[in-house]
Structures are given as structure tokens and as C-alpha cells.
Amino acid sequence: MFESRKLRPWELALLFSLCIALLTGVWAQGRQTALSRKLVRLHVVAASDTPEDQAEKLLARDAILSFLEPKLKTAASAKEAAEIIRMSQERCKRAAEAVTDQPVTVTMTREHFPTRYYETFSLPAGDYLALRVTLGAGEGHNWWCVLFPPLCTEAIVSDRAVETLSSDDVQLITENGTGYILRFRVLELFDAVKTYLTAPPS
């Protein structure tokens, strides 16, 4: 028979802290998931880190944005935006090919992004639907932004973005909400733990 015993104060404190951390992580992950359903991101990967290839990455970015942004003005939701982008993939590919000699691969995919800090807003780590544009071997530094709502070329969180996102979403991605940095740190930690637990054994 096992003898029952009371937990020591430090054990209770540790257990309580673990429960709070887990609950906070689950809450933060839920917020990120809800936010990700309202966004479509652009991910441009350079062929290499040479100055020439990095410059071509930015040219490809600008060409695709110039083509897509007018089309996305009619989108009222991320779902509508994603459909417009999917139907425009070949045109996006040709736009990028016009400014580079590298082979261009364009796909719509759900991929994992780290926390990304922009000038006036940030996006938490997590999985997002994205238009991924790969130039050449795709071994260089990449560039991210948000195609919908339109935040790629906006200096601030635009009125249209605020209309698309809820007030809770806006508080999550801007510094106006208290605990802004803490929430992102919790998401990063929770994401790292989840990745570690789900990684295949080496």
C-alpha cells in the first residue's frame, strides 16, 4: 500500500505555477489560432544571401504586391483573400519572373512563422496561411508581411485592418494592450514546448 502524504508548500507552489503556465499557454495559443484565421501572409525567400539575390528578393516582393494589392481591395475576409490569391498564383509567378533570372516557385501553404516584430505592430509565432514565393534554391534570408488585411506597405495598423480584426486581435498585435510583450513570450515558450514534444525522435 502506498502511504498518502500532504504536499509540501514548495511542491504546491510549483504545481500551482505549472497549472497557471499551462492554462496561460493554452489561452494564448487559442488567441493566436483565432488571429491566424483572419490573416493571409506573404513569404518571399531569396535564392541566397548575396547582395544581388537579396535585391532580387525585394524586387519580386514589390512586383507581387503591385499586382495583388489592388485585387485584394475587394476581399472582405481572409477566406475571400485566399481565394483571390490562389487564382492569381500564376500571375504572381510571372510578376516575380519578370524581375529575376532565378526560377520562381509560388505556392499557397500553411506554414510556421516565428514571432515577427514590425515598426508599429507584431505577430505572434504560429501557423499561418501564406503565399510562399521561393527564388532559385531558396537558401537566402526571407521576407514576411501580411497581405490580408493589407499591412505589407502600411506604416501603421490601417483602418481597414482594424475593421477586419476584432478589438482583442488589435490589442494582441499592438503595444496598446497591456501585457503585449508577456503574451508573446508566453506564446513563444508554449510554441517551443509544443514543437519539442511533437518532434520525431532523433
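In this text, all values refer to a predicted model and were calculated from it rather than measured experimentally. (Residues numbered from 1 in each chain as written. Predicted model: local features only at pLDDT ≥ 70, side-chain atom pairs only at ≥ 80, totals over all residues. Heavy atoms only, no water.)

Caption draft 1: A look at the overall build of the protein. Summing up its helical and strand segments, the protein has seven helices and six strands in all. Secondary structure elements of the protein occur, N-terminal to C-terminal, as α-β-α-α-α-β-β-β-β-β-α-α-α. Per-residue burial over the protein gives 42% buried out of 202 residues. Within the protein, contacts between residues at least 6 apart in sequence are counted, and of these 70% link residues at least 24 apart. Accessible surface, the protein: about 11900 Å² in total, of which carbon and sulfur atoms supply 59%. (Helix = DSSP H or I, 4+ residues; strand = E, 2+ residues; numbered from the N terminus. Buried < 20%, exposed > 50% of the residue type's maximum accessible area, 1.4 Å probe, protein only. Contact = heavy atoms within 4.5 Å. Areas by Shrake-Rupley, 256 points an atom, 1.4 Å probe, with all protein chains shown as cover.)

Caption draft 2: Focus on the environment of D101. Among the secondary structure elements, D101 is positioned in the loop between helix 4 (89–97) and strand 2 (104–113). Separated by 35 residues in sequence, D101 and G136 have C-alpha atoms that sit 8.7 Å apart.

Caption draft 3: Structural detail: the packing of helix 2 (residues 51–72) against helix 4. Two numbers describe how helix 2 lies on helix 4: the axes approach to 8 Å, and their chain directions differ by 140 degrees. Taken together, the axis directions place helix 2 and helix 4 in an arrangement best described as oblique. Viewed along their axes, helix 2 and helix 4 form a crossing whose handedness is right-handed. In contact with A60, A63, I64, F67 and L68 of helix 2, helix 4 contributes R91, C92, A95 and A96. (Axes fitted to C-alpha atoms, helices over the stretch in contact; angles between N-to-C directions. Parallel < 35°, antiparallel > 145°, perpendicular 65-115°, else oblique. Left-handed = near helix turned anticlockwise from the far one by under 90°.)

Caption draft 4: Looking closely at the sheet that holds strand 2. Spatial ordering of the open sheet is given by 2-5-1-6, a layout of four strands whose pairing is mixed. Where the open sheet ends on each side, the last strands, each with one partner, are strand 2 and strand 6 (142–148). This sheet shows a mean twist of 30 degrees between the axes of neighbouring strands, independent of strand direction. Of the pairings in the sheet, the one linking strand 1 (residues 40–45) to strand 5 (residues 126–135) comprises five bridges and is parallel in character. In the sheet register, V45 faces strand 5, and the bridge partner there is T134. Sheet strands touched by helix 2: strand 1, strand 5 and strand 6. Its angle to strand 6, the strand with the most contacts, is close to 5 degrees. The strands touched by helix 3 (residues 78–87) within the sheet are strand 1, strand 2, strand 5 and strand 6, with strand 1 carrying the most contacts at an inclination of about 35 degrees. (Pairing = 2+ DSSP bridges.)

Caption draft 5: Main features of the confidence of the model for the protein. When the pLDDT values of the protein are averaged, the result is 76; 57% of them are 70 or greater. Confidence drops under pLDDT 50 across residues 176–184; counting only partners more than four residues distant or on other chains, this segment forms 21 contacts. (pLDDT = per-residue confidence, 0-100.)

Caption draft 6: Representation of the packing of helix 2 against helix 3 in the model. Running from N to C, helix 2 and helix 3 point in directions that differ by 135 degrees, and their axes come no closer than 10 Å. Our classification of the angle between helix 2 and helix 3 gives oblique. Of the two elements, helix 2 crosses helix 3, and the hand of that crossing is right-handed. Where helix 2 abuts helix 3, its residues L68, K71 and L72 lie against A81, I84 and I85. Its residues placed into classes, the contact of helix 2 with helix 3 shows five nonpolar, no polar and one charged. (Nonpolar A, V, L, I, M, F, W, Y, C, P; charged D, E, K, R; others polar.)

Caption draft 7: Summary view of the nonpolar core. In this structure, V40, L42, L68, L131, V133 and L147 are the most contacted members of the largest nonpolar core, which totals 28 residues. Looking at this core, the elements with two or more residues in it are strand 1, helix 2, helix 3, helix 4, strand 2, strand 5 and strand 6. Among the elements that make up this core, the one with the highest residue count is helix 2 (six residues). Leaving out residues up to four positions away in the same chain, V133 has contacts with L42, H43, V44, V45, I64, V104, T105 and V106. Core analysis: the next-biggest nonpolar cluster, separate from the first, contains nine residues, F113, Y128, A130 and L151 among them. (Core = buried A, V, L, I, M, F, W, Y, C linked by side-chain atoms within 4.5 Å.)

Caption draft 8: View of the pattern of salt bridges. Counted by the stated rule, this structure contains three salt bridges. For R61, the salt bridge goes to D62, with nearest N and O atoms at 2.9 Å. Given a relative accessible area of 17%, R61 falls into the buried group. A salt bridge links E97 to K93, with the shortest nitrogen-to-oxygen separation between them at 2.6 Å. (Salt bridge = Lys/Arg side-chain N within 4 Å of Asp/Glu carboxyl O.)

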